[in-house]
Amino acid sequence: MNTLKMLGLKDNWLYEVVVSSYKGQIPHAAPFGMKIRNFNKIIIEMYKGSSTLKNVLAEKEFALNAVDDPTIFYNTLYRKEKINFGIAELINAPVLLHSPLSIEARLETTTEKENSYLFEADIVHINTRRDGKFTNRAKALVLESLILSTRTGLIPQKELEKALKENYRIIKKVAPGSEYEIVMHDLLTDKLGLEEK
């Protein structure tokens, strides 16, 4: 779907979203990671025991709401009374009105794993309420790593190495093949002389 490219999404990157669904007639929202496959499928993993998992399995439709402001995540986790829900346009699911845009999705395939379910969903509709983007953690992690790299001598070396290597591990997972991964590799190996692993 070319619209996903126009939104700036990258294939196989992991984006932080809020999944909204109905539990009966009651709106529910929770944060998850979402991947795009071939720019026309949504891939999402949900762990067993979550309310969202039960809702998606029951209703087969849900919305993935972009998070461009961390307070949306915070409210979803800890201040649910601050969430303003609207109604999706083409599916039976709520959307987060504070989110700049939502992808309306319909469950296509379900793969049960030991502790989770892996879902593949079709994109039914993209609802844009205002300018905004989906959030990938790599950009913030590179910025944090660059700041940490200026603290050599102020932070114990082992702590610094551990933090930087963990950031690099996450960047490779959430933004594979990205410029962020290249910058982080260069920072670790060339600038700081650290081993990659």
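Residue positions are given per chain, counting from 1 as you read along its sequence in written order. At least 70 in pLDDT is required for a residue's local features to be given in this predicted model, at least 80 for side-chain atom pairs to be given and counted, and no such filter applies to totals for whole chains, interfaces and linings, which use all residues. Side-chain calculation: all heavy atoms of the structure are included, whereas hydrogens and water are not.

Asks: I'd like a description of the packing of helix α4 (residues 138–149) against helix α6 (residues 179–191), backed by residues and values.
Replies: For any two helices packed against each other, the geometry is given by the interaxial angle and the distance between the axes. Fitted lines through C-alpha atoms serve as axes, helices being fitted only where they are in contact, and the angles separating the N-to-C directions of these axes extend from 0 to 180 degrees. Every helix listed is a DSSP run of H or I at least four residues long, and every strand listed is a run of E at least two residues long, numbered separately from the N terminus. Their axes nearest at 10 Å, the elements α4 and α6 cross at an angle of 20 degrees. With respect to α6, the axis of α4 lies roughly parallel. The crossing of α4 and α6 is left-handed. In contact with Ala138, Lys139, Val142, Ser145, Leu146 and Ser149 of α4, α6 contributes Tyr180, Val183, Met184 and Leu187. Nonpolar residues are Ala, Val, Leu, Ile, Met, Phe, Trp, Tyr, Cys and Pro. Charged residues are Asp, Glu, Lys and Arg, and all others, Gly as well, are polar. Of the residues assigned to the contact of α4 with α6, the class counts are seven nonpolar, two polar and one charged. Here roughly perpendicular refers to angles of 65 to 115 degrees, roughly parallel to angles under 35, roughly antiparallel to angles over 145, and oblique to all remaining angles. Helix crossings are classified by the rotation of the near helix relative to the far one: an anticlockwise turn of less than a right angle makes the crossing left-handed, while a clockwise turn makes it right-handed. Any two residues whose heavy atoms approach within 4.5 Å at even a single point are treated as in contact.

Asks: Explain the confidence of the model for the protein to me, using residue names and the numbers behind them.
Replies: pLDDT is a per-residue confidence score from the predictor, ranging from 0 to 100. The pLDDT averaged across the protein works out to 92; a share of 97% of its residues lies at or above 70. Highest mean pLDDT in the protein belongs to strand β6 (residues 94–96) (98); lowest belongs to helix α1 (residues 2–6) (74).

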